[in-house]
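These are the residues of each chain, in order.
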Amino acid sequence: MQTLNTTLLIIGGGPGGYVTAIRAGQLGIATILVEGQSLGGTCLNIGCIPSKALIHVAEQFHQTQQHSQHSALGISVSAPTLDIGKSVEWKDGIVDRLTTGVAALLKKNKVQVIQGWAKVIDGKTVEVGDTRIQCEHLVLATGSKSVNLPMLPIGGPIISSTEALAPKSIPKRLIVVGGGYIGLELGIAYRKLGAEVSVVEAQERILPAYDAELTQPVHEELKKLGVKLYLKHSVQGFDSKANTLQALAPNGDTLNLETDQVLVAVGRKPNTQGWNLEALDLAMNGSSIKIDNRCQTSMRNVYAIGDLSGEPMLAHRAMAQGEMVAELISGKSREFNPTAIAAVCFTDPELVVVGQTPDEAKAAGLDCIVSSFPFAANGRAMTLESKSGFVRVVARRDNHVIVGWQAVGVGVSELSTAFAQSLEMGAQLEDIGGTIHAHPTLGEAVQEAALRALGHALHL
Amino acid sequence: MGTHVIKMPDIGEGIAEVELSVWHVKVGDMVVEDQVLADVMTDKAMVDIPSPVHGKVIALGGQPGEVMAVGSVLISIEVEGAGNVKESAQPAAPVKEAAVAAPKVEAVVESKPVAAAAPRPAVCQGPMVAREANERPLASPAVRKHALDLGIQLRLVRGTGPAGRVLHEDLETYLAQGQSNASSVSSAYAQRNDEQQIPVIGMRRKIAQRMQDATQRAAHFSYVEEIDVTAVEELRAHLNEKHGATRGKLTLLPFLVRALVVALRDFPQINARYDDEAQVITRLGAVHVGIATQADIGLMVPVVRHAEARSLWDSAAEIARLATAARNGKASRDELSGSSITLTSLGALGGIVSTPVLNLPEVAIVGVNKIVERPMVIKGQIVIRKMMNLSSSFDHRVVDGMDAAQFIQAVRGLLEQPATLFVE
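Residues numbered from 1 in each chain as written. Chains lettered and ligands numbered in written order. Predicted model: local features only at pLDDT ≥ 70, side-chain atom pairs only at ≥ 80, totals over all residues. Heavy atoms only, no water.

The next subject is helix H11 (residues 416-424) of chain A. What H11 of chain A keeps buried is the set Ser416, Phe419, Ser422, Leu423 and Glu424 of chain A. Note on H11 of chain A: the residue one or two positions beyond its end, Gly426 of chain A, has a positive phi of about 70°. (Buried < 20%, exposed > 50% of the residue type's maximum accessible area, 1.4 Å probe, protein only. Helix = DSSP H or I, 4+ residues; strand = E, 2+ residues; numbered from the N terminus.)

Laid out in structure tokens, this is it:
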């Protein structure tokens, strides 16, 4: 058996792992990264990036179709057709460019990448095939996996998001199980690509993690698109002969919903199985590895970052943790202390939440001003044919310090930057109100929301 | 106006990195030629960095405790006429540093009203800031990081920004008033929840490394013997009475140095350095006695070179000179390295027994304990004698217990019959 020695060993080449490796390389730390599948992990290969590509295809297709029927913009085209094979090829091209880019960055920073599945031996030893790697510091970044439902095993017509992101054809009918952001992003995309889409959600609202006011515009858009919602319905099973999904309605009836495919999107769980993590006997926090504010696990010099360390399971959190861990290992003093981590849903319309929502602020005992500004009064939104949605700000009444931002509307994902920045800098309403926001942009609604909270919005 | 940049100089022995110990200037200060700008440290020597120019400090290149590469920018000074940096060649870095450093100038101004408010701790002391116990202090990511680097708990810092936002200058102010706040606790029985984080930098880091290294590598073996110093003390008193006014007062140390010199003639294995990586023991003819000395910044070991060639008074003068230099942090590198055996004494605080840690790569260290008058039995009579213990440690990897014990017995014999110290 070949033995390698290194200072830092990272298990997992996703956003958490590869960022740790790049930063460690920059700091001159001898680093080995082990990845069993493809660099970039879930995010680049079967998550964030491919889903955004598919959403873009769906949106373009949908727009063109709108124009072919009735275009207020005066555009007339004939009905579009879709070569989904080519769409997937285009998406794969993007993924390929990004993962190749990650590989190049790792190489540039002298990170040794080992292909293979890691097996943990102890806190300083990992085996990959017949190679044994000894390290001083071990970073666990194995990410997360889709949660499966026992009555809906993946296979045949029952698919997970991974299969949904590489379709060979668009099914005529698709039932999405789970009305969270993954289910809705893909459900809306499939609807726009021509499938008849239904969403089955056990809770009484879609996007149950967000408040009703915020999700209302998404709800309306789903109705407009003709996506059927089965709220407060729980899935019982799937009859593969009749191609029907059984769902229990709130009134006790069992519905038989005919469909061609079922997409299971009921969440993700930390990937703790199958790589002998048990050998470390680390303290857990539910199903995720327990970490402190330096991403240290209960074992010295063993770190866990990203989805493996629990919620919020977001690539940008994993990257920030990874960067910090690399600096900690190099001897710098760091701690993970963000004021807020933005969460974005690429539904139609898009949805952004950064910091505390009105309910969360209230629960935290804060007396807050909550104020929103609708895109219906924003010129730029009108020119984008976007009428629904708003920007909402939550600020302390006593000192006007902003504690949270939410927005829903076309293109609001890009506002997350401004939101996060204002929270990290400790901005007050007056700071945002006093910053000149370019006209005509969606960002004006950000300034106006702050001004409205101060009682003097200009365009309302 | 131009900018004169001073780089971290190479202060000897081809060292690539130097630790910045302390700044004597801050951004915005006017400096004159030859004014000391900073102290830097290598190994155990502290070196002044004087200014070669007149001008105004516009940027500092590092923070105390930072280990800087030789050749990196130490300080930038704005000077009349052209500096040594071309305008166009002024990269983003100094601009950025100036931007970061700028608030420090204001901090000086800020600190005055704060100091004036000191008698009202309820207003200005950290924990009393109107902030809930578990509330997150308001501060930008850059300020948070800076606080972490400085080891400051942000929640203890009074924020002067809008809505109590903690600014960079608040950190400076907090550091500046840190000392005075600590003493203002009123009741002697007040419960205290404060804690202080002291970064292990500079001398302390060096000492920590060396002590750890020594205890990890060497196999310490300690040996304690009591010595009747009545005779040598009588001799010392006599010499001081007779020559003290002209030649200077003698402490016991030069006698101990002399005892080592004479005893080591028969124990060359103890006046040696052990290179455990090369597996070579170097026995030295010369006796270079390290004298462990407590300075404000920590333990230092200046070296009395060629003790074998020094008279009592010569040794005494050299010990005094080195101790002063070490305490002032002005001992040179040469004066702080190259010993072959070390003598450590806590003087009146010497206690009964100590277990000295070796000064690697040496193989022996001799510790001196307190002199006490004790009843001793001599020839069947109880008499009062001045007794002193010697607590010594040896590197048992290369010094056998028998040799070590015989060496200390030799030292004892010499000190108990002080004439033998000088009989050739």
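Turning next to the nonpolar core. All names here are of chain B. In terms of nonpolar packing, the biggest core is built from 51 residues, with Leu343, Phe394 and Phe407 touching the most fellow members. Considering each element in turn, this core owes the most residues, 10 residues, to helix H7 (residues 253-264). Residues in contact with Leu343, not counting those within four places in the same chain, are Leu253, Leu256, Val257, Leu260, Val289, Gly290, Ile291, Ala292, Val366 and Val368. (Core = buried A, V, L, I, M, F, W, Y, C linked by side-chain atoms within 4.5 Å. Contact = heavy atoms within 4.5 Å.)

On to the environment of Ala231 of chain B, then. Here Ala231 of chain B is to be found in helix H6 (residues 230-247). In this structure Ala231 of chain B touches Glu416 and Pro418 of chain B, once residues within four positions along its chain are discounted.

For the rest of this paragraph, the subject is unusual backbone geometry. Comment: phi is negative for the bulk of residues other than glycine, and the bulk of peptide bonds are trans. Between His439 of chain A and the following residue, Pro440 of chain A, the backbone shows a cis peptide bond with an omega angle of -5°. Tracing the chain through its elements places Pro440 of chain A in the loop between helix H12 (429-433) and helix H13 (444-453).

Looking now at the UniProt feature "binding site: FAD" (unreviewed entry) in chain A. Residues and elements named next belong to chain A. UniProt annotation of "binding site: FAD" (unreviewed entry) refers to Lys52, Thr142, Gly143, Ser144, Asp307, Met313, Leu314, Ala315 and His316 when read in the numbering used here. Mapping Ser144 onto the fold places it in strand E7 (residues 144-146). By relative accessible area, which is 6% here, Ser144 ends up buried. For Ser144, the residues in contact, after removing those within four places along its chain, are Thr42, Arg268, Lys269, Pro270, Asn271, Asp307 and Met313. (UniProt positions renumbered as here; feature names shortened; annotations may be inferred.)

Contacts between the two partners involve 16 residues from chain A, matched on the other side by 13 residues from chain B. Between chain A and chain B, roughly 1,100 Å² of surface is buried when both sides are summed, and carbon and sulfur atoms account for 48% of that area. At the junction of chain A with chain B, the criterion picks out two salt bridges. In this assembly, chain A and chain B are joined by eight residue pairs in polar contact (both at pLDDT 80 or more). Grouping the amino acids of the side of chain A that touches chain B by side-chain chemistry returns four nonpolar, six polar and six charged. (Buried area = accessible area lost by both parts, 1.4 Å probe. Salt bridge = Lys/Arg side-chain N within 4 Å of Asp/Glu carboxyl O. Polar contact = N/O pair within 3.5 Å; in protein donor to acceptor, adjacent residues only side chain to side chain. Nonpolar A, V, L, I, M, F, W, Y, C, P; charged D, E, K, R; others polar.)

Let's shift gears to the packing of H7 of chain B against helix H8 (residues 312-327) of chain B. Residues and elements named next belong to chain B. Between H7 and H8, whose axes approach to 9 Å, the crossing angle comes to 115°. Judged by the sense of rotation from one axis to the other, the crossing of H7 with H8 is right-handed. Between H7, through Leu253, Pro254, Phe255 and Val257, and H8, the contact on the second element is made entirely by Leu312, Ser315, Ala316 and Ile319. Split by residue class, the contact of H7 with H8 holds seven nonpolar, one polar and no charged. (Axes fitted to C-alpha atoms, helices over the stretch in contact; angles between N-to-C directions. Left-handed = near helix turned anticlockwise from the far one by under 90°.)

In this structure the tally under the stated criterion is 36 salt bridges over all chains. With its nearest N and O atoms 3.3 Å apart, the salt bridge here joins Lys91 of chain A to Asp92 of chain A. The exposure class of Asp92 of chain A is partly exposed, given its relative accessible area of 38%. One salt bridge in this structure joins Arg396 of chain A and Asp398 of chain A, with 2.7 Å as the shortest N-O distance. Since its relative accessible area comes to 14%, Arg396 of chain A is described here as buried. Relative accessible area serves as the criterion here: at 56%, Asp398 of chain A is assigned to the exposed category. Connected through shared salt-bridge partners, Asp213, Arg217, Asp276, Glu277, Asp395 and Arg397 of chain B make up one network.

Let us look at helix H3 (residues 141-150) of chain B. By the burial criterion, the buried members of H3 of chain B are Val143, Arg144, His146, Ala147 and Leu148 of chain B. The first or second residue beyond H3 of chain B is Gly151 of chain B, which carries a positive phi of 70°.

On to the sheet that holds strand E22 (residues 368-374) of chain A, then. All names here are of chain A. In space, the five strands of this open sheet follow the order E20-E21-E24-E23-E22, with antiparallel pairing throughout. Single-partner strands in this sheet number two, and they are strand E20 (343-345) and E22. The average undirected angle you get between the axes of adjacent strands in this sheet is 10°. Pairing between strand E21 (residues 350-355) and strand E24 (residues 402-409): six bridges, direction antiparallel. Opposite Val354, over in E24, you have Trp405 as the bridge partner. In this fold H13 packs onto E22, strand E23 (390-396) and E24, with an angle of close to 135° to the strand it touches most, E22. (Pairing = 2+ DSSP bridges.)

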